[in-house]
Every structure is written in structure tokens, then in C-alpha cells.
Amino acid sequence: MLFEKQSNGCRAVPTMTMPTSASADLTAALVDATSGAVADVAALASGAISAVRAATRTNQHAQIAWGHYIGNSATCTKSGDVCQHTPSALADMMGGSFDTNLHYGDSVARVKVQESLAVLMTALADSSSEDSHIANLKKDVVAHMLIPYYQGAIKSAHHMDAGADTAAKATAQAEGKVYWTVINDAVDDSFPFEPTDRAFLTPMFASAAAGDFNYCAASTRLLNNLPLASKLQYVNYVREGTLDTIAAASVVHTTTADVGTLQESLVGGGPKECIMPPPPSPSAPPPPIASPAPPSGPDVSSTSNSLSEGELAGIAVGAVIGGILLLLILGLVLRAFLFKEAKPIFTCLETTPAKTGRPAVAAPAATPVEMNHA
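Residues numbered from 1 in each chain as written. Predicted model: local features only at pLDDT ≥ 70, side-chain atom pairs only at ≥ 80, totals over all residues. Heavy atoms only, no water.

**Student:** How should I be thinking about the state of the cysteines in this particular structure?
**Tutor:** Overall, the coordinates contain two disulfides when judged by the stated rule. Disulfide pairing places Cys 76 opposite Cys 83 at an S-S distance of 2.0 Å. Where Cys 76 bonds to Cys 83 through sulfur, the torsion about that S-S bond is close to -75°, and the disulfide is left-handed. According to the relative accessible area criterion, Cys 83 is buried, its value standing at 2%. Cys 216 shares a disulfide with Cys 274; S-S distance 2.1 Å. Because the torsion about its S-S bond is -75°, the bridge between Cys 216 and Cys 274 counts as left-handed. On the criterion of sequence distance, the pair formed by Cys 216 in helix H9 (residues 214-223) and Cys 274 in the loop between helix H10 (256-259) and helix H11 (309-338) is long-range, its members being 58 residues apart. Cys 274 gets classed as partly exposed once you look at its relative accessible area, which sits at 27%. (Disulfide = S-S within 2.5 Å. Buried < 20%, exposed > 50% of the residue type's maximum accessible area, 1.4 Å probe, protein only. Helix = DSSP H or I, 4+ residues; strand = E, 2+ residues; numbered from the N terminus.)

In C-alpha cells:
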């Protein structure tokens, strides 16, 4: 929301202009709600969301959504500025619980719904409005209609943990199921929700409250799956009494700040720390094993097949020596293969005359030769 300069932080909350001829569905939607039961108010919210998504230039579904969510301000019984037993009254109540309300108690979510719904009706009445702009406005309306139901589901999960007794926890679980159903039924292509988180939250709110981690389990998953919204910025021109939108790339409409923090869940003045996944519960130590009773009867001498320390040492030394010898043999074999041209390792370095099978024969003595001298 963008506040006009010199408006002193004020906003003019819009009202709905009734069409000249109301359809039967619009007339029914403007009938004052009489039940404040959680399920009945949730049915109005779901009806408003469906009407917004089905709104066109040729029907009155935007006005029907207003009747379901805001009510008929001209005829209803009011609590403060809102009609009783309506989703807008729930939004203001949750705004107080989560500290997401404005100075005079109006919840931010409810004001955003009224403003975006009023702009949507104006856009639908203007034939020059682009379809993409209308789609963005619808997305914003639905997103802020859902915020109080996020808050309701988180609050219920907290009471499932901290309820005074079993009955209080059961009531919290039943209400949480209703709040979650509104969110779950609204999931579509324009509002995706992580399937694994949906698969966790549905049975959680459908089952009896158990343990003390429901608040963390629900709030973490819900805040990770906030409804999508446009990047339109809503400008309230208080002095002119008009509303308009401008595109702003940096605007993010739905954040955890829109949901706020449940004030009763604060720990030491700060938000409760949630660690996901939850730490395992400490298991009890196993009971000590009882020693077997000594055998009765005469003493029996026991024999042992274990080796003495000296025997073990001898085996170890023998194993080491054997290993060294084995390595030496392997080294010699490898050397023989690698160096085939080298001299053999084991060889005789001195030679002896070859022996024959016959005895040696002495050479004849030389005959002296007489030399004639002339």
C-alpha cells in the first residue's frame, strides 16, 4: 500500500456501489450473516474466492464476492467498522492476534481486500482494461482473502500444542481443519502449493492433536507457500477519494510480514524458534543386563584353548620373517623377468677343464735335429 503525500498516514477505505439491477445471486450474497461459527464464516470466504475468480465484465461476481467477504454495510450489525460474522470480521480479529492491524484496528489484509476488490470492479466496468491487468487484480484479492486463514491455521496449530486440556486441543484441531480447508480448496494454477506440504497438513489437521510440534510444523509449511500476488502498487488518493494502481518491479505483495507473528506464541518476547525437521525425541537408555547366576554344584575347573602371550609373540615374529622372505623371493623373480640380458644370479665364476671319458695321452718327446754347418 502506498500512502499519499500529506495524507497523515490515512487511507479512505472504499465502499461498493450497488448495481442498478442486482441479480438473484447478488441479492442472496448481501443477506446479513447470522452465524459466527468458524465453518459458516469459512464458507463465505470460499464463496468470495470462487466469485472473484469467475468475475467478468458481464456478470456481477465481483459484487457477489464483496457481499460474501465484506457484507452489506447498510443493513448488517457491525463490530467496529465491519459486519459481524463475515470473513472481514475474522480478518480484523486475526490482525489483532498477529499484530498485522493498522492504528484503528483495521487489519492490513482486510483493507487490501477492500481496495483491490474496488479497483477490480472499476476495471471490469472499463472496456479498455487489459485482461492481464484484471488477472493481476484478481490474484491480489484472493491472496489477501486467504491471509486470515493462514493466520487461523497457525493459531489453531499453536493451541493443538498448548491447549489447556484434551477438549481444548480437540477444538483447536477442528478449527484448524476448517481454516486449512479454505486454503487447500483455493490451490490452483494461480496459487501453487508444494504437494508434499499439502500432503502433510491435510492429515495433520484431520487427526487428533498429538505432540508439541504442531505450531512449528504448520507455520513453517504455510509460510513457505504463501499465495502469489501481482507487483501492482495500490495508491489511495485520500483528498480525491480515488484509488489507482501503478506497476512497481520491486513490490512483493505477500510476505511473511503479511501473516505476522502470533503474539501468544512469543518466547521471551521473540518468535518461537522452529527447527525443521524436528529433533528426534530422546530415547531412554536400555536397562542394564543382569549378570547370569553362578552355576550350582561342585566347582568345575575350566580349561582354556587361548594362546599365551609368549606364543602369540612367537607367531607374530614368525609371520614377519616369513613375510620378509616372501618379499625377497618375489623381488628376485621380478628381477629375472625384467632384466633378461643380465647375468644369472646364481652362476659359477671359475672354469675348470672339461673332463672326457679317455685318459690323457702324453705328447711324444721332441727329437733333436742336427744342423749341418757349411
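Further notes follow.
**Student:** Just to check I follow, could you spell out the pattern of salt bridges for this structure?
**Tutor:** Between side chains of opposite charge, a pair can form as their charged atoms come close. All chains considered together, the criterion is met by six salt bridges. For the salt bridge of Arg 53 with Asp 188, the shortest nitrogen-to-oxygen distance reads 3.4 Å. Here Asp 188 lies in the loop between helix H7 (166-186) and helix H8 (195-206) and Arg 53 lies in helix H2 (residues 38-54), a separation of 135 residues in the sequence. Of the residues examined, Arg 53 reaches a relative accessible area of 29% and is grouped as partly exposed. Given the relative accessible area of 31%, Asp 188 is considered partly exposed. Here Lys 112 makes a salt bridge to Asp 258, at a shortest N to O gap of 3.1 Å. Residue Lys 112 is located in helix H5 (residues 108-125), and its partner Asp 258 is located in helix H10; the two are separated by 146 residues in the primary sequence. (Salt bridge = Lys/Arg side-chain N within 4 Å of Asp/Glu carboxyl O.)

**Student:** Any chance you could explain H7 here in plain terms?
**Tutor:** Side chains of residues three or four places apart in an α-helix project in the same direction, reflecting 3.6 residues per turn. Between its first and last C-alpha, H7 extends 31 Å over 21 residues, near the 30 Å set by a 1.5 Å rise per residue. For H7, the full list of buried residues reads Ala 172, Gln 173, Gly 176, Tyr 179, Trp 180, Val 182, Ile 183, Asn 184 and Ala 186. Packing partners of the buried residues in H7 comprise H2, helix H4 (87-98), helix H6 (131-162), H8 and H9. With a side-chain oxygen positioned 3.2 Å from the backbone nitrogen of Ala 167, the residue opening H7 is Asp 165. (Expected span 1.5 Å × (residues − 1). Contact = heavy atoms within 4.5 Å. Polar contact = N/O pair within 3.5 Å; in protein donor to acceptor, adjacent residues only side chain to side chain.)

**Student:** Sorry if this is basic, but what is going on with the packing of aromatic side chains here?
**Tutor:** For any two aromatic rings, the description comes down to two numbers: the centre-to-centre distance and the angle of the planes. Throughout the structure, instances matching the rule amount to three aromatic pairs. When the centroid spacing of 5.4 Å and the interplanar angle of 65° are considered together, the rings of Trp 180 and Phe 193 count as edge-to-face. You can see Trp 180 sitting in helix H7 and its partner Phe 193 sitting in the loop between H7 and H8, a full 13 residues away along the chain. According to the relative accessible area criterion, Trp 180 is buried, its value standing at 3%. (Phe/Tyr/Trp six-rings, centres within 6.5 Å; stacked < 30°, edge-to-face > 60°.)

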